Each structure stands twice: as structure tokens, then as C-alpha cells.
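Observations on the model geometry
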Amino acid sequence: MYRTNLGDLSPIISAHIYWEQKRHFQFKEDRYDSWVVFVVEKGEFRYEIGSQTGFASFGELVFCPPNTWFRREIVNPLTFHFILFSWKTPHPIHTCDWMPVGKISVNDHKRLISTYHYLRKLALLNDQQSVEWKNHLLFDIL
């Protein structure tokens, strides 16, 4: 079994939902107890996290730290992965100085497309092996 590891941190996905051609978010704003990343495959959405605002589309990831308002609005029908995650550590942590907040762009589109492909295949699976693979894919994104 493959385990991801970032020093003493390992990302652990607690929720993964894949949405295709979503036209509206259920909630225009929300706060989560854990980290959230929106992994955009197609479409575009506007976001606001703290003082950061912008638009995200293919090749971009939007990270929101725990207990922070995440405001968003779909601009063009959105296909994306919603991933809620935390860290496997001896003591729970909710913030990491090195973690990005807001949007980051990924330049290696070929690798990103491959990661998207596997996340899509695993989206509805929650057995132990599938969860381990999802955690590995999240680690790859990080």
C-alpha cells in the first residue's frame, strides 16, 4: 500500500465530490472545518477567500483554509473536483505556512490531465484502496 508523506504531514481526504457542468453552486458562500481545494477541469468561477478575489478555470486550483469564508459564483458551467482534506499528524493542525491560499496555476497540463482522469475514475469509490489512491493524487497536486 502506498502512503504519501510530506515530512510528518500526510494529506487525508475526508470528502471528494466530482461535479460535471454545474451551473450554480448550492451555497454562494461556505466555511469548512478542514482545508478545501477546488480542482477545475472545465468552465470558470469567481471566488473570494479573505482579501483574495479572482477567477479560476482549467489548470487552476483554489485552496481555502479551515474556518475561512469561501465565496464563489459560477461564470461558465463548471466541471470540477471538490476535495475536503486535513493532515495526518500526531496533533491536529489547521494551518500551514507553506500551503497556498487562493488560486495557483499548474503549468504541467499533461500531468494534471492524467491526475484529473484518475480522480474522476475514483470519485464514487470509497473503499480503502481507492481512498489511498485519492490521497496519493491529492499529494501529487500539492
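Please refer to the structure higher up on the page.
Small disclaimer: the values here were computed from a predicted structure and weren't measured.

Cut-offs and rules
Residues numbered from 1 in each chain as written. Predicted model: local features only at pLDDT ≥ 70, side-chain atom pairs only at ≥ 80, totals over all residues. Heavy atoms only, no water. Salt bridge = Lys/Arg side-chain N within 4 Å of Asp/Glu carboxyl O. Helix = DSSP H or I, 4+ residues; strand = E, 2+ residues; numbered from the N terminus. Buried < 20%, exposed > 50% of the residue type's maximum accessible area, 1.4 Å probe, protein only. Contact = heavy atoms within 4.5 Å.

Let us now look at the pattern of salt bridges. In this structure the tally under the stated criterion is 5 salt bridges. For Glu41, the salt bridge identified is with Arg120, shortest N-O distance 2.6 Å. Highlighted residues: Glu41 in strand S3 (residues 35-49) and Arg120 in helix H1 (residues 109-122), separated in sequence by 79 residues. Judged by relative accessible area, Arg120 falls into the partly exposed class, the value being 33%.

With respect to the helices, strands and loops of the structure, Phe80 is situated in strand S6 (residues 70-87). Given the relative accessible area of 1%, Phe80 is considered buried. Between the C-alpha atoms of Phe80 and Ser57, which are 23 residues apart in sequence, the distance is 9.4 Å. Residue contacts for Phe80: discarding those within four places in its chain leaves Ile17, Tyr18, Trp19, Lys22, Phe25, Phe38, Val39, Val40 and Glu41.

So far we have only geometry, and geometry alone does not tell us how the molecule works.
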